[in-house]
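Observations on chain architecture
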Amino acid sequence: YDITFTNVYGGAELYPSGSPDSYPYPPLSLLFASISHVLGDIRWALIACHVAAATLLFATARQRLLPMTEAIILTALFFWLPHAPCVSEQAWTDPSVALGLGLVSFFLARRQPMAALWAAGFALALKQTMVVLLPLVWGLWRRLGRSQLIAVFTLSAVTYGVFLLWDAAALWNDVVTFHMLTPFRPGSMTLSAYLVHFFEFSPLPSWLSLVGLLVGMS
C-alpha cells in the first residue's frame with residue numbers, strides 16, 4: 001500500500017528511504033481512482049466526478065424547488081470554481097468526495113435517508129477529513145435507529161479492514177503519520193497559507209487544525 005512520487009517537502013524525517021513512498025489517502029480513494037486507470041489516466045474519473053457533482057447540485061436545487069435560473073447559476077459557480085482545473089490536474093481526491101457529498105444532498109432533498117446514508121458512507125471512506133459528517137449522521141441515527149447506520153460504516157469497514165489485515169502499520173503510517181509529519185507548504189490551499197501569503201504571518205501551528213476540525217464537527 002504505497003506510491004512513489006516527487007518529494008516536494010525536502011528533509012529525511014518524512015522519507016527515511018530517501019524518496020516519498022506513502023499513499024496518503026484511504027484505500028477507497030485508490031480503488032475508486034483506479035477505475036479510469038484503464039483509460040490511461042486516473043484523472044478522467046476525477047473530472048467525471050466534478051461534472052457529476054455539479055449535476056447533482058442542479059438536481060438538488062430543482063428538487064428543493066429553487067427557480068431554474070438560480071439552479072443554473074449555482075451549478076455554473078460550482079463547475080467553474082477557480083481551482084477546479086488545478087485539483088483535477090494534480091489528481092487530488094476532492095472531486096470524488098464532492099460526488100459523495102452531492103449524492104448525500106440529493107438523496108436528502110428527495111427524502112431518501114437510507115440512500116443518503118450509503119452516500120455518506122461512500123464520502124466517509126474516501127478521505128480522512130470526512131469525519132466532519134458524523135454529526136449529521138448522529139442526527140439521522142436518532143431518526144432511523146442504530147441498525148440502519150450499517151450503511152454509513154460498511155464501506156469504511158471493508159476497505160480499511162482489508163488493508164489493516166494486510167499491513168496495519170503501513171496503513172497507519174500512510175493515512176495518519178504521514179499527514180502529522182508533513183511540513184507547512186506555502187503553496188497549499190489552506191487558511192494558514194493564505195495568512196502567510198497575504199499578511200506575512202507565521203504559519204499557524206499544526207495542532208490548530210484539530211481545533212478547527214472539532215469546531216467544524218460541532
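Residues numbered from 1 in each chain as written. Predicted model: local features only at pLDDT ≥ 70, side-chain atom pairs only at ≥ 80, totals over all residues. Heavy atoms only, no water.

A cluster of nonpolar side chains, contributed by Leu191, Tyr194, Phe198, Phe199, Phe201, Leu204, Trp207, Leu208, Val211 and Val215, occupies part of the molecular surface with about 1,000 Å² of accessible area. For the nonpolar patch, the secondary-structure elements that each account for two or more residues are helix H9 (191–199) and helix H10 (208–217). At four residues, H9 tops the list of elements feeding residues into the nonpolar patch. In this structure, leucine 208 sits in helix H10. (Patch = residues over 30% accessible without salt bridge, like charges linked within 9 Å, V, L, I, M, F, W, Y side chains within 5 Å. Areas by Shrake-Rupley, 256 points an atom, 1.4 Å probe, with all protein chains shown as cover. Salt bridge = Lys/Arg side-chain N within 4 Å of Asp/Glu carboxyl O. Helix = DSSP H or I, 4+ residues; strand = E, 2+ residues; numbered from the N terminus.)

With that settled, consider the side chain of aspartate 174. Here aspartate 174 shows up in helix H8 (residues 150–181). Buried within the structure, aspartate 174 lacks any salt-bridge partner; lysine 127 is the closest side chain of opposite charge, at an N-O distance of 16 Å. At 3.4 Å, the side chain of aspartate 174 forms a polar contact with the side chain of asparagine 173. (Buried < 20%, exposed > 50% of the residue type's maximum accessible area, 1.4 Å probe, protein only. Lys, Arg positive; Asp, Glu negative; His and termini not counted. Polar contact = N/O pair within 3.5 Å; in protein donor to acceptor, adjacent residues only side chain to side chain.)

Before going further, it helps to examine the environment of alanine 193. Mapped onto the elements of the fold, alanine 193 is located in helix H9. Taking the C-alpha atoms as reference points, alanine 193 and proline 203, ten residues apart in sequence, are found 7.0 Å from one another. If we ignore the near neighbours within four places in the chain, the residues touching alanine 193 are Phe184, Arg185, Pro186 and Ser188. (Contact = heavy atoms within 4.5 Å.)

All right, on to the environment of alanine 61 then. Residue placement: alanine 61 occurs in helix H2 (residues 43–63). The residues contacting alanine 61, other than those within four sequence positions of it, are Leu66, Ala71 and Leu74.

Okay, the environment of leucine 204 next. Mapped onto the fold, leucine 204 is located in the loop between H9 and H10. Between the C-alpha atoms of leucine 204 and leucine 191, which are 13 residues apart in sequence, the distance is 8.6 Å. Excluding its chain neighbours within four sequence positions, the residues that come into contact with leucine 204 are Leu191, Ser192 and Leu195.

A few words on the packing of aromatic side chains. Overall, the coordinates contain eight aromatic pairs when judged by the stated rule. An aromatic cluster is present here, built from Tyr194, Phe198, Phe199 and Phe201 joined pairwise through their rings. (Phe/Tyr/Trp six-rings, centres within 6.5 Å; stacked < 30°, edge-to-face > 60°.)

Here the focus is unusual backbone geometry. Phi at leucine 65 is positive, roughly 70 degrees, even though this residue is not glycine. You can see leucine 65 is positioned in the loop between H2 and helix H3 (68–79). Leucine 65 gets classed as exposed once you look at its relative accessible area, which sits at 74%. Here the phi dihedral of arginine 111 falls at roughly 60 degrees; this positive angle occurs in a residue that is not glycine. You can see arginine 111 is positioned in the loop between helix H5 (94–109) and helix H6 (113–126).

Turning next to the pattern of salt bridges. One pass over the full model with this rule turns up three salt bridges. Across the pair lysine 127 and aspartate 94 runs a salt bridge, and its minimum N-O distance is 2.9 Å. Of the two residues, lysine 127 is situated in the loop between H6 and helix H7 (134–144) and aspartate 94 in helix H5; the sequence distance between them amounts to 33 residues. The exposure class of aspartate 94 is partly exposed, given its relative accessible area of 32%.

Turning our attention to H9. Among all positions in H9, only Ser192, Ala193 and Leu195 are buried. Seen from one end, H9 has its buried residues packed into an arc of 160 degrees, which puts them on one side. Structural note: H9 exposes Leu191, His197 and Phe198 on the side pointing more than 90 degrees away from its buried face. Two residues or fewer past H9, glutamate 200 is found with a positive phi of approximately 60 degrees. (Arc of directions from axis to C-beta.)

Before going further, it helps to spend a moment on the nonpolar core. Membership of the largest hydrophobic core comes to 22 residues, with the highest contact counts inside it found for Phe32, Leu99, Phe122, Leu126, Met130 and Val152. Those elements that place two or more of their residues in this core are helix H1 (27–33), H2, H5, H6 and H8. No other element matches H6, which puts eight residues into this core. Leaving out residues up to four positions away in the same chain, methionine 130 has contacts with Val97, Leu101, Ala123 and Leu124. (Core = buried A, V, L, I, M, F, W, Y, C linked by side-chain atoms within 4.5 Å.)

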